[in-house]
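What follows is each chain in one-letter form.
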Amino acid sequence: MFSSFRQTMAWLHTWFGLILGFVLMVAFFFGTLSVFDREIDRWAIPETRFEPQTMPSFDHILLPVLRQVEPDQKEYERQMPWLHDFGQGPMTPRLELPVDEYWAYTTHRDPVLVMGVGFGVPHPRDPAAHNHIHGDVTIDPRSGVLVPDDALKIGSRWFYPMHYSLNWTWKYLGYWIVGLAGFFMLVALVTGVIIHRKLFREFFTFRPGHQILRSTLDLHNLTGVVALPFHFFFAFTGLLIFAGWLYFPVGNTLLKPLHDLEHQREALEIGLPYERSGHPAPLASVDAMMAEAQRRWDARGMPGDVGFLVVRHVGDVNGYVSLYRAGSDRVALVGEGIHFKASTGEVLREDPPRTVVSEIHDFLVGLHLQHFEHWFLRWLYVLGGLLGCTCIATGFVFFVEKRKRKHAEAGGQGSRLVDALAVTTVTGMVIAAIGMLVVNRILPSDLIGKGDWEKGRLGTYPAACPVAQCPGNGGTDQSCLEGTVSGDRGTGGGCSAAELGYHRRPSAQDRAH
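Rules of the game
Residues numbered from 1 in each chain as written. Predicted model: local features only at pLDDT ≥ 70, side-chain atom pairs only at ≥ 80, totals over all residues. Heavy atoms only, no water. Helix = DSSP H or I, 4+ residues; strand = E, 2+ residues; numbered from the N terminus. Buried < 20%, exposed > 50% of the residue type's maximum accessible area, 1.4 Å probe, protein only. Contact = heavy atoms within 4.5 Å. Phe/Tyr/Trp six-rings, centres within 6.5 Å; stacked < 30°, edge-to-face > 60°. Axes fitted to C-alpha atoms, helices over the stretch in contact; angles between N-to-C directions. Parallel < 35°, antiparallel > 145°, perpendicular 65-115°, else oblique. Nonpolar A, V, L, I, M, F, W, Y, C, P; charged D, E, K, R; others polar. Patch = residues over 30% accessible without salt bridge, like charges linked within 9 Å, V, L, I, M, F, W, Y side chains within 5 Å. Areas by Shrake-Rupley, 256 points an atom, 1.4 Å probe, with all protein chains shown as cover. Salt bridge = Lys/Arg side-chain N within 4 Å of Asp/Glu carboxyl O. Core = buried A, V, L, I, M, F, W, Y, C linked by side-chain atoms within 4.5 Å. Pairing = 2+ DSSP bridges. Expected span 1.5 Å × (residues − 1). Left-handed = near helix turned anticlockwise from the far one by under 90°. Polar contact = N/O pair within 3.5 Å; in protein donor to acceptor, adjacent residues only side chain to side chain.

Colleague: I'm lost on the overall build of the protein in this one. Help?
Modeller: When helices and strands are tallied, the protein shows 19 helices and seven strands. Counting only residues that meet the buried cut, the protein has 47% of its 513 residues in that class. Pairs at least 24 apart in sequence give 67% of the contacts found in the protein among residues at least 6 apart.

Colleague: Is there a simple way to think about helix α3 (residues 37-44) in this case?
Modeller: What sets the pattern is the α-helix's 3.6 residues per turn: residues three or four places apart point alike. Counting buried positions along α3 yields six of eight residues, so the element is predominantly enclosed. Listing the buried residues of α3 in full gives D37, R38, I40, D41, R42 and A44.

Colleague: I would appreciate a short explanation of the packing of aromatic side chains in the present structure.
Modeller: Under the criterion given, the structure shown has 25 aromatic pairs. Centroid distance Y175 to W245: 6.1 Å. Interplanar angle 80°. Geometry classified as edge-to-face. A residue pair is termed long-range when its members are at least 10 positions apart, and Y175 in helix α7 (residues 173-195) and W245 in helix α10 (residues 228-247) qualify at 70 residues. With relative accessibility at 3%, the residue Y175 sits in the buried group. Exposure remark for W245: the relative accessible area of 37% places this residue in the partly exposed category.

Colleague: Just to check I follow, could you spell out the packing of α3 against helix α6 (residues 154-165) for this structure?
Modeller: To describe two helices that pack against each other, one gives the angle between their axes and the distance between the axes. Between α3 and α6, the shortest axis-to-axis distance is 7 Å and the interhelical angle comes to 130°. For the element pair α3 / α6, the angle class is oblique. Between α3 and α6, the contacting residues are D37, R38, I40, D41 and A44 on the first element and I154, G155, S156, F159 and Y160 on the second. Residues belonging to the contact of α3 with α6 are distributed by class as follows: five nonpolar, two polar and three charged.

Colleague: Teacher, can you tell me more about a nonpolar patch on the surface here?
Modeller: Residues F248, V250, L254, L255, L258 and L261 make up a contiguous nonpolar surface patch of about 660 Å² in total accessible area. Locating L261 in the fold gives a position in helix α11 (residues 256-270). With relative accessibility at 52%, the residue L261 sits in the exposed group.

Colleague: I'm lost on unusual backbone geometry in this one. Help?
Modeller: Of all residues except glycine, most have a negative phi; of all peptide bonds, most are trans. Backbone geometry at L166 places phi at a positive 60°, although glycine is not the residue there. Its place among the elements puts L166 in the loop between α6 and α7. Assessed through its relative accessible area of 7%, L166 is described here as buried. At Q370, a position not held by glycine, the phi torsion is positive, near 40°. Position of Q370 among the secondary structure elements: in the loop between α13 (356-369) and α14 (375-410). You can call Q370 buried: its relative accessible area is 8%.

Colleague: Just checking my understanding: could you explain the environment of H279 for this structure?
Modeller: Checked against the element boundaries, H279 lands in the loop between α11 and α12 (286-299). The spatial distance from the C-alpha of H279 to the C-alpha of G315 is 8.4 Å, given a sequence separation of 36 residues. Apart from residues lying up to four places away in sequence, H279 is in contact with G315, D316 and V317.

Colleague: Explain the nonpolar core to me, please; I cannot follow it from the model alone.
Modeller: Ranked by size, the top nonpolar core spans 60 residues in total, and within it F30, I154 and F159 carry the most contacts. For F30, the contacting residues outside a window of four places in its chain are F159, M162, H163, M429 and A433. Judged by nonpolar contacts, the second largest core, of 37 residues, contains L63, V65, L66 and I338.

Colleague: Teacher, can you tell me more about the pairing of strand β4 (residues 306-312) here?
Modeller: One face of the sheet, then the other: side chains in a regular strand alternate in exactly this way. The buried fraction of β4 is high, at five of seven residues. As defined by bridge partners, strand β1 (residues 99-105) adjoins β4 across five bridges and the pair is classed as antiparallel. Bridge assignment links Y102 to a residue of β4, and that residue is V311. By the bridge criterion, six bridges tie β4 to strand β5 (residues 320-326) in an arrangement that is antiparallel. Counted as the bridge partner of V311 is V321 from β5.

Colleague: Even after reading the chapter, I still don't get helix α1 (residues 5-19), so can you show me in this structure?
Modeller: With 15 residues, α1 extends 21 Å from end C-alpha to end C-alpha; this agrees with the ideal 21 Å at 1.5 Å per step. Those residues of α1 that sit buried are M9, H13, F16 and L18. Residues of α1 that are buried in the fold lie against α2 (21-34), α7, α9 (212-226), α14 and α15 (414-442).

Colleague: For this particular structure, what's the right way to read the packing of α9 against α14?
Modeller: At a minimum axis distance of 8 Å, the contact between α9 and α14 shows a crossing angle of 150°. If you check the angle between α9 and α14, you find them roughly antiparallel. Where α9 crosses over α14, the two elements pack in a sense that is left-handed. On α14, the residues touching I212, L213, T216, L217, L219, H220, T223, G224 and V226 of α9 are L387, T390, C391, T394, G395, V397, F398, E401 and K402. Among the residues forming the contact of α9 with α14, the class breakdown is nine nonpolar, seven polar and two charged.

Colleague: How should I be thinking about the side chain of H231 in this particular structure?
Modeller: Tracing the chain through its elements places H231 in helix α10. Those residues in contact with H231 that sit more than four places away from it in its chain are F28, M185, L189, T223, G224, G384, L387 and G388.

Colleague: Any chance you could explain the environment of E75 here in plain terms?
Modeller: Looking at the secondary structure, you find E75 in helix α5 (residues 73-83). Between the C-alpha atoms of E75 and I133, which are 58 residues apart in sequence, the distance is 6.6 Å. Here the side chain of E75 touches H134 through a polar contact of 2.8 Å, side chain to side chain.

Colleague: Would you take a moment to explain the side chain of T138 for this structure?
Modeller: If you trace the backbone, T138 turns up in strand β3 (residues 132-139). There is a polar contact of 2.8 Å between the side chain of T138 and the side chain of K153. Here T138 is in contact with V112, L113, V114, V145, L146, V147 and K153, once residues within four sequence places are set aside.

Below is the structure:
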């Protein structure tokens, strides 16, 4: 089929990069914005524009709020029929579900505090599964006042999940598409290195004065080579993050019985109860446990604040409290867990040092999620992400410019289709993101359902991108642009959303935990 190995690699590089390159563009662009997701949240919700806070008092601020949290209505309707065993009777009403778990999480960049309640399912279909209906809230940690649920956190709850799930959560469809695109990217990177043998020379080569085809290829090679380690690392770790529980969920499928037995054995070995005993018990002061945890971390030469807090088996003798040190001074997200008996405050266990494999995994995942406190490195992430966007976009341009005349002479539509998709993805994505931020400023802050309005606007802006049914076979020209913006279809050849086959993304919100 091909006369040489390099030609085979060139074919793989071209088509693997092209087929899902549009998805990679979305992942790179919104991943770049996600570097400052918390800061975007603060900009979008003016009430949260204050300095980040440490974990507040659990006894006096968090617990009173947690006791008022209710199970999420939509999650109850969606998950309860799957979790409940109808052989034991009808489903427990939503507001009668028992509380089983409390949690709270904050970082050095979070002015607000996210926390929630896990409500147990009394008659589960699979007793060993994670049988919880959740209820989450966001509060001002200084006072415990709730941040309205309909105020969309554009950065952390829309841009951030967009880059790894496309905000398509049905059957995890978006996760699978982005995961496949990540695999294709690894193939494109490896084959790109093979076909470009003189990488060092291409590191310094850019000829903007030459023909557009030559200049585009130079820029494509330059941005690919300069950020090659960045591109490879993020494609690999992106797959690694979801491999264990989504792409290769062996522990939840073929090996599930062994997985559950191992959890029970580990619980007995480390002294942390695996399930409820059925005997009620009060909750001791969690503030005292937090103070003791900080004292122990300080004694080990790693002073810090509590970043993640979990109370399991709430109101039961087997209840226990797990406190994890905030990871702002390290790459791994959280660590140094200390566990207390919930009813007495007695220390049950301090997590031992992690194994080498676990350390490597936590380091790679933490380096991808970049919750650590290092602003210079954070800006390097932004630069790497923009270089990735440029590399992908110039790949599209090179594909179109190289083939458009040949396709036009043969009556083919390949280059025109790629041009249309590229303009829709690149231009439409940027316009949609900016438009969403503009709408956030225009809409009143007290508007009911403001977050849904903002998400809805994301789907309207790309329709303004002139990408199809335009005169000529080489792509979009100026007359097409003018016709689309003005709506004058007779003279400018503008294109409607219906002609583009455009459909707005569903507004299903991904749960991060």
